[in-house]
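# Survey of secondary and tertiary structure
This is what each chain is made of:
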Amino acid sequence: MGLGVRWTLHGDGRTPAPGAVVRPDERLSWPRTAGLGAQHVVAMFGASFVAPVLMGLDPNLAIMMSGVATILFLLATRGRVPSYLGCSLSFVGVAAIIRAQGGGSAAVTGAIFVVGAALLLSGLVVQKFGAKIIHAAMPPVVTGAVVMLIGFNLAPVTARTYWPQDQWTALLTMLFTGLAVVCLRGFWSRVAIFLGLVFGYGISWLFDRLFGKIHSVNGGPEAVDHWRLDLSGVSKADWIGLPSLHAPSFGWSAALVALPVVIALIAENAGHVKAVGEMTGDRLDDQLGTAISADGVATMLSTAVGGPANTTYSENIGVMAATRVYSTAAYWAAAGFALLFGVCPKFGAVVAAIPGGVLGGITVILYGMIGLLGAQIWVHNKVDLRNPLNLVPVAAGVIIGIGGVSLKISENFELSGIALGTIVVLSGYHVLRALAPAHLKTQEPLLDEGTSSYDDQAESAAAGEKDAGQKNAG
């Protein structure tokens, strides 16, 4: 089989015919393909450089490694799954916890490297046994709970670190970003977080001109006088240069904090592959294990040199849906642009200068959205939280994860927060299911044909709607 790097020209290479789509193995003219690639870069840009900043990692390296990860993913899936791999926000809370425990950037990337290895192994298992193994181990009730506690566990980071640096800028940035998410349409709504950052940048600059320095905390415990927007590092940065690299370091405590994120990454990849398959009309179930493994390898490669984890980006699915262009050639172009951004230190200096108040306003919405994705998983899969089998492990795990409850195992080792919450939800659900009476187990089978019953019901409903539509048309 080929590597998916040969494309046939779609039509005249200019504009798809009405109702037509550009398939993954097709392309438009190269200038138009490059333009689509640039659009994909803009779509992934906001989250991909916000995440490394929040994690204390080099944004230049993050962008560059996202390009490398995308190329690796496209090669692994042989061009069948058009996707961009950007920096995962799921690890922001993990990084905050590890740093609070005294770990540095090497400890953060070492913990994420372990997650990448676990993701690779998970992908190989899925390749061997099929998608049904995912639904057996991680039914929607478990996945939703883990995603929820990953997002809501970040609330103290916003409240204690970013918001106090400039509460008024944070408030205005939050309001603008919320309006952008809700009121904008199409592509612009997909880059609302990026627009919020640009707005906050401008407001901080304006406030500095109008009011002078602000007296507040600035990354430390004591309040000091400082400019909201400090661009001194931008003028000193070179235009061309390699990003800073560092090797990871490994520790059990940091790895255990990070490992629960594997569940979120598997859920993200599964949802992404399913969405792309529905959009392109291809059955991609056989690519799920490959996609998960490729994501794991890309994460290991990135963290091995000091970068963050990578994951498939829903923002870019939105671009494909809006343009109806699914060509993987556009993603190769996007990866090329990302590599160019990565070797521009001045770009990294601009990103690093984002004021803390701006991040405060952005993260209020962003972290909440991550957490509520867990609730969306429950709603989408019709999880019944009135059933004690679902309610009890979720209730305990979410409170433990969000509240930061800890369990001290020894003098040098304890479980807390996300790690402990995930263990409680995952093990609690399966143990209780094994012991529960039969009438509590009828909602969802543990092992089925590879999809949840919701998916089967949704497909049947869609088929019924299609048949009804055809009859009405007739």
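Just so it is clear, the structure is predicted and the values come from calculations on it, not from any experiment.

Helices and strands together make up the secondary structure of the protein, namely 21 helices and 8 strands. By residue count, 51% of the 474 residues in the protein fall in the buried class. Once local pairs closer than 6 in sequence are excluded, the contacts in the protein between residues at least 24 apart make up 77%. Accessible area for the protein stands at about 21100 Å²; split by element, carbon and sulfur atoms hold 65% of it.

Take the nonpolar core next. Ranked by size, the top nonpolar core spans 97 residues in total, and within it Met 55, Phe 91, Leu 197, Ile 354 and Tyr 367 carry the most contacts. If near-sequence neighbours (up to four positions away) are discounted, Ile 354 is found in contact with Phe 49, Leu 197, Tyr 201 and Leu 359. Counting residues in each nonpolar core, the second largest holds 5 residues, with Val 22, Leu 36, Val 325 and Ala 330 among its members.

Using the criterion set out here, one finds 4 aromatic pairs in the structure. Seen in terms of ring centroids, Trp 7 and Trp 30 are 5.9 Å apart; in terms of plane orientation they differ by 85 degrees. Their pairing is edge-to-face. Here Trp 7 is found in the segment before strand 1 (8–9), whereas its partner Trp 30 is found in helix 1 (residues 30–55), with 23 residues between them in sequence. The exposure class assigned to Trp 7 is buried, which follows from its relative accessible area of 19%. Residue class for Trp 30 comes out partly exposed when judged on its relative accessible area of 45%. Judged by centre distance (5.6 Å) and plane angle (70 degrees), the rings of Phe 113 and Phe 250 are edge-to-face.

This paragraph deals with the side chain of Ser 29. Among the secondary structure elements, Ser 29 is positioned in the loop between strand 2 (26–27) and helix 1. The exposure class assigned to Ser 29 is buried, which follows from its relative accessible area of 18%. Contacts of Ser 29, omitting those with residues within four sequence positions, involve Leu 9 and Gly 13.

Glancing now at the pattern of salt bridges. As enumerated under the stated definition, the model contains 4 salt bridges in all. Two residues, Asp 384 and Arg 386, come together in a salt bridge whose shortest N-O distance is 2.9 Å. In this structure Asp 384 comes out as partly exposed when scored by relative accessible area, which is 26%. You can call Arg 386 exposed: its relative accessible area is 73%. Here the residues in one salt-bridge network are Asp 166, Asp 208 and Arg 228, joined through shared partners.

Once that is clear, we can look at the packing of helix 6 (residues 140–152) against helix 19 (residues 388–403). Between helix 6 and helix 19, the least distance of the axes is 9 Å, while the angle of their chain directions is 20 degrees. By the criterion of interaxial angle, the relationship of helix 6 to helix 19 is roughly parallel. Judged by the twist between their axes, the crossing of helix 6 over helix 19 is right-handed. Contacts between helix 6 and helix 19 involve Val 141, Ala 145, Met 148, Leu 149 and Phe 152 from the first element and Asn 390, Val 394, Gly 397, Val 398, Gly 401 and Ile 402 from the second. Each residue belonging to the contact of helix 6 with helix 19 can be placed in one class, and the counts come to 8 nonpolar, 3 polar and no charged.

The terminal C-alpha atoms of helix 16 (residues 328–342) lie 21 Å apart, and with 15 residues this matches the ideal 21 Å at 1.5 Å per residue to within 8%. Residues of helix 16 that are buried include every one of Thr 328, Ala 329, Ala 330, Tyr 331, Ala 333, Ala 334, Ala 335, Ala 338 and Gly 342, and no others. The N-capping residue of helix 16, defined by a side-chain oxygen 3.1 Å from the backbone nitrogen of Ala 329, is Ser 327.

For the pair helix 6 and helix 13 (residues 261–280), interaxial distance at closest approach is 9 Å and the crossing angle is 115 degrees. If you check the angle between helix 6 and helix 13, you find them roughly perpendicular. The two elements helix 6 and helix 13 meet at a crossing, and its hand is left-handed. Seen from helix 6, the contacting residues are Thr 143, Val 146, Val 147 and Ile 150; seen from helix 13, they are Val 261, Ile 263, Ala 264 and Ala 267. Considering only residue class, the contact of helix 6 with helix 13 consists of 7 nonpolar, 1 polar and no charged.

It is worth spelling out a nonpolar patch on the surface at this point. Taken together, the side chains of Trp 205, Leu 206, Leu 210 and Phe 211 define a hydrophobic patch exposed on the protein surface, amounting to about 440 Å² of accessible area. Among the structural elements, Leu 206 can be located in helix 10 (residues 192–211).

Take helix 3 (residues 92–100) next. Of the positions making up helix 3, those classed as buried are Val 92, Gly 93, Val 94, Ala 95, Ile 97 and Ile 98. Once helix 3 finishes, Gly 102 follows within two positions and takes phi at roughly 100 degrees, a positive value.

Moving on, we come to the environment of Pro 393. As for its position among the elements, Pro 393 is in helix 19. With a relative accessible area of 4%, Pro 393 lands in the buried category. For the pair Pro 393 and Gly 428, spaced 35 residues apart in the sequence, the C-alpha separation amounts to 5.3 Å.

Moving on, we get to the environment of Phe 207. Here Phe 207 is to be found in helix 10. For the pair Phe 207 and Trp 227, spaced 20 residues apart in sequence, the C-alpha separation works out to 9.3 Å. The residues touching Phe 207, leaving out its near neighbours within four places in the chain, are Thr 169, Leu 172, Gly 212 and Arg 228.

Any segment with low pLDDT has predicted coordinates that should not be analysed in fine detail. Across the protein, the average pLDDT comes to 81, with 87% of residues at 70 or higher. Here helix 21 (residues 453–473) stands out as the element of the protein with the lowest mean pLDDT, 47, in contrast to helix 14 (residues 288–304), whose mean of 93 is the highest. Ignoring residues within four places in sequence, the model shows residues 444–462, a span with pLDDT below 50, making 28 contacts including any to other chains.

It is worth spelling out unusual backbone geometry at this point. One non-glycine residue, Arg 78, lies in positive phi territory at about 55 degrees. Along the chain, the position of Arg 78 falls in the loop between helix 2 (59–76) and strand 3 (85–87). Its relative accessible area of 34% is what places Arg 78 among the partly exposed residues. With a phi close to 55 degrees, Lys 382 is a non-glycine residue in the positive phi region. Structurally, the position occupied by Lys 382 is in the loop between helix 18 (356–380) and helix 19. Overall, the relative accessible area of 57% leaves Lys 382 in the exposed class.

What counts as what
All residue numbers refer to positions counted from 1 along the written sequence of the respective chain. Owing to the predicted nature of the model, reporting of local features is limited to residues with pLDDT of at least 70; listing and counting of side-chain atom pairs is limited to 80 or more, with chain, interface and lining totals taken over all residues. Water and hydrogen atoms play no part in the side-chain values, which are based on all heavy atoms of the structure. What counts as a helix is a DSSP run of H or I of at least four residues, what counts as a strand is a run of E of at least two, and both are numbered from the N terminus. Think of it in three bands: with a 1.4 Å probe and only protein chains considered, a residue is buried below 20% of the maximum accessible area for its type, exposed above 50%, and partly exposed in between. In what follows, residue pairs with any heavy atoms lying within 4.5 Å of each other are defined as contacts. Only the protein chains shown count as cover for residues, with accessible areas throughout obtained via the Shrake-Rupley method and a probe of 1.4 Å. By nonpolar core we mean a set of buried residues, namely Ala, Val, Leu, Ile, Met, Phe, Trp, Tyr and Cys, connected to one another through side-chain atoms within 4.5 Å. Aromatic rings from Phe, Tyr and Trp, taking only the six-membered ring of Trp, are treated as a pair when their centres fall within 6.5 Å; an angle between ring planes under 30 degrees marks them as stacked, one over 60 as edge-to-face, and anything in between as tilted. Each reported salt bridge corresponds to a side-chain nitrogen of Lys or Arg within 4 Å of a carboxyl oxygen of Asp or Glu. To obtain an axis, a line is fitted to C-alpha atoms, over the contacting stretch when the element is a helix, and the angle between two such axes runs from 0 to 180 degrees between their N-to-C directions. An angle below 35 degrees is read as roughly parallel, one above 145 as roughly antiparallel, one from 65 to 115 as roughly perpendicular, and any other as oblique. By convention the crossing between two helices is left-handed if the near helix lies anticlockwise of the far one by an angle smaller than a right angle, and right-handed if it lies clockwise. Here the term charged refers only to Asp, Glu, Lys and Arg, the term nonpolar to Ala, Val, Leu, Ile, Met, Phe, Trp, Tyr, Cys and Pro, and the term polar to all other amino acids, Gly among them. The span one expects for a helix is its residue count, reduced by one, times 1.5 Å. Polar contact criterion, stated in full: a pair of N or O atoms within 3.5 Å, where within protein one must be able to donate a hydrogen and the other to accept it, and residues adjacent in sequence count only if both atoms are side-chain atoms. Like-charged residues are merged into a patch within 9 Å and nonpolar side chains (Val, Leu, Ile, Met, Phe, Trp, Tyr) within 5 Å, provided each residue has over 30% relative accessible area and no salt bridge. Confidence per residue, as judged by the predictor, is encoded in pLDDT with a range of 0 to 100.

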